[in-house]
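So you can see what is in the structure, the chains are spelled out below.
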Amino acid sequence: MADAYLGGLGMLLDGRRLSPVQRRIAHYLSEHLDEAIFLSSVELAERSGVSQPSVTRFAMVLGFAGYPELRQALRPLVLGGGLVAPQESLLRNAIDSEIRNLAVVRERLAALPLKELGEQLAATEPLPVLGLRVSCGLATTFAYYARRIHPDVRLLTHGGSELVEGLHAARRAGAEWVVAVVLPRYPAEVVQALEYAEKLGLRVAAITDKPGFPAEVVLDGPVGDRLVFDSHAAPLALAMALVEAMADAAPLRTRARLEEYERMTDEAGTFLPGDPA
């Protein structure tokens, strides 16, 4: 992005949790700041594809009384010669942000209890995996691969009574742990479900972006927030590292199940020839 965005505008946005609507405004400003400083809040709303009240709320989130004050603060970035034409695309900067997120996880790997948790999850049967709303995708990916090496993985992606019944049935069948994927925005129902799981006697392992999430074991990695919606490269890396730890915890079972899976898919013609998946 422009140096102005990485500098003055970037300082305003840094560390702030913006909604998808607010990110649309931020994206427009970052790419059209030389024009935006002359626009009214109504005009900025139209060009950003949001409502005028959203522009006002965006300015207030950044600490200004309203949009005129924000516009006044941004003008020196352009009129003072501080703006440089954008050199990188929005997507490139989003990817750069995710690379930094992955680096954070890499630096913290030694402190994460992956080996110990992998051993616990490999030993519990069944293994319920929970993920609601946006967390459903990562929970599904984790469960898909975990099923290759674990005999009984139960995916829970629907709320309400079905979720309660799934947790209860897993516990009654012998489950000791539940893996919960909890990414922003955080559904209140997830917290309620995990409180119920703990009452049942289930231990909770959470894959999330919140270091202080209320769970016995927390594997946390930052999410990317440069695009309209979050991207989850770091939590995905943690999920796959946990599958790897589970595989290492039961090597004989892992080998037997993977070999059986390969035979089954070969016989069924599941994948195209030469496809290792």
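Refer to the preceding data block for the structure.
Each chain carries its own residue numbering, running from 1 in the direction its sequence is written. The predicted origin of the model limits local features to residues at a pLDDT of at least 70 and limits the giving and counting of side-chain atom pairs to 80 or more, whereas totals for whole chains, interfaces and linings rest on all residues. In computing side-chain values, all of the structure's heavy atoms are included and hydrogens and water are not.

1. Some remarks on the pairing of strand S1 (residues 127–130)
Two faces belong to every sheet, and in a regular strand the side chains alternate between them.
Logical step 1: A simple rule labels every residue: compare its accessible area, found with a 1.4 Å probe on the protein chains alone, to the largest value its type can have, and call it buried under 20%, exposed over 50%, or partly exposed in between. Strands are runs of DSSP state E lasting at least 2 residues, helices are runs of H or I lasting at least 4, and numbering of each runs from the N terminus. Residues of S1 alternate between two faces, with Leu 127 and Val 129 on one and Pro 128 and Leu 130 on the opposite face, all of them buried.
Logical step 2: Here, a strand pair is defined by DSSP locating no fewer than two bridges between the strands. Bridging between S1 and strand S2 (residues 153–156) involves four bridges; their strand directions are parallel. Within S2, the position partnered with Val 129 by the bridge is Leu 155.
Logical step 3: The handedness of the S1 to S2 crossover, carried by helix H8 (residues 136–149), is right-handed.
Logical step 4: As defined by bridge partners, S1 adjoins strand S3 (residues 177–182) across two bridges and the pair is classed as parallel. Looking across to S3, one finds that Val 129 is bridged to Val 179. Throughout, right-handed denotes a crossover for which the path from the first strand over the helix to the second runs clockwise when the strands point away from the viewer.

2. Here's the deal with the nonpolar core
Taken as a class, soluble globular proteins show a tendency for nonpolar side chains to be buried jointly.
Logical step 1: Membership of the largest hydrophobic core comes to 30 residues, with the highest contact counts inside it found for Leu 117, Leu 121, Val 129, Phe 142 and Leu 242.
Logical step 2: Those elements giving two or more residues to this core turn out to be helix H7 (114–123), S1, H8, S3, strand S4 (203–208), strand S5 (217–220) and helix H11 (233–249).
Logical step 3: Here this core gets seven residues from one element, more than from any other, and that element is H11.
Logical step 4: We call two residues contacting when some pair of their heavy atoms lies within 4.5 Å. Dropping the residues within four chain positions of it, Leu 242 is found in contact with Leu 114, Leu 117, Gly 118, Leu 121, Phe 142, Ile 207 and Leu 219.
Logical step 5: Definition of nonpolar core: a set of buried residues of the types Ala, Val, Leu, Ile, Met, Phe, Trp, Tyr and Cys, connected through side-chain atoms within 4.5 Å. Judged by nonpolar contacts, the second largest core, of 25 residues, contains Leu 12, Leu 13, Tyr 28 and Phe 64.

3. Considerations on the side chain of Thr 124
Logical step 1: The topology assignment puts Thr 124 in the loop between H7 and S1.
Logical step 2: Assessed through its relative accessible area of 1%, Thr 124 is described here as buried.

4. Description of the pattern of salt bridges
Two side chains that carry opposite charge are able to pair once their charged atoms sit near each other.
Logical step 1: When a carboxyl oxygen of Asp or Glu is within 4 Å of a side-chain nitrogen of Lys or Arg, the pair counts as a salt bridge. Summed over all chains, the structure comprises eight salt bridges.
Logical step 2: For the salt bridge of Arg 47 with Glu 35, the shortest nitrogen-to-oxygen distance reads 3.4 Å. Here the residue Arg 47 occupies a position in helix H3 (residues 41–48), and Glu 35 occupies one in helix H2 (residues 20–36), the gap between them amounting to 12 residues.
Logical step 3: With a relative accessible area of 38%, Glu 35 lands in the partly exposed category.
Logical step 4: With its nearest N and O atoms 2.5 Å apart, the salt bridge here joins Arg 203 to Glu 216. A residue pair is termed long-range when its members are at least 10 positions apart, and Arg 203 in strand S4 and Glu 216 in the loop between S4 and S5 qualify at 13 residues.
Logical step 5: By relative accessible area, which is 46% here, Glu 216 ends up partly exposed.
Logical step 6: Put simply, Arg 17, Arg 23 and Asp 230 are held in one network by salt bridges that share partners.

5. A word on the sheet that holds S1
Sheet strands pair by backbone hydrogen bonding; their relative direction is either parallel or antiparallel.
Logical step 1: On the basis of which strands lie adjacent, the open sheet formed by five strands has the order S2-S1-S3-S4-S5 and parallel pairing. Either end of the sheet is taken by a strand with one partner, and the two such strands are S2 and S5. Taken pair by pair, the neighbouring strands of this sheet meet at an average axis angle of 20°, ignoring direction.
Logical step 2: Where S4 lies against S5, four bridges are found, and the strand directions are parallel. Note on S5: the bridge partner recorded for Ala 206 is Val 218.
Logical step 3: Where helices are involved, their axes are fitted lines through C-alpha atoms of the stretch in contact, as for all axes, and angles between N-to-C directions lie from 0 to 180°. Contacting S1, S2, S3 and S4, H8 crosses the sheet at an angle of about 170° to S2.
Logical step 4: The strands touched by helix H9 (residues 160–172) within the sheet are S1, S2 and S3, with S2 carrying the most contacts at an inclination of about 160°.

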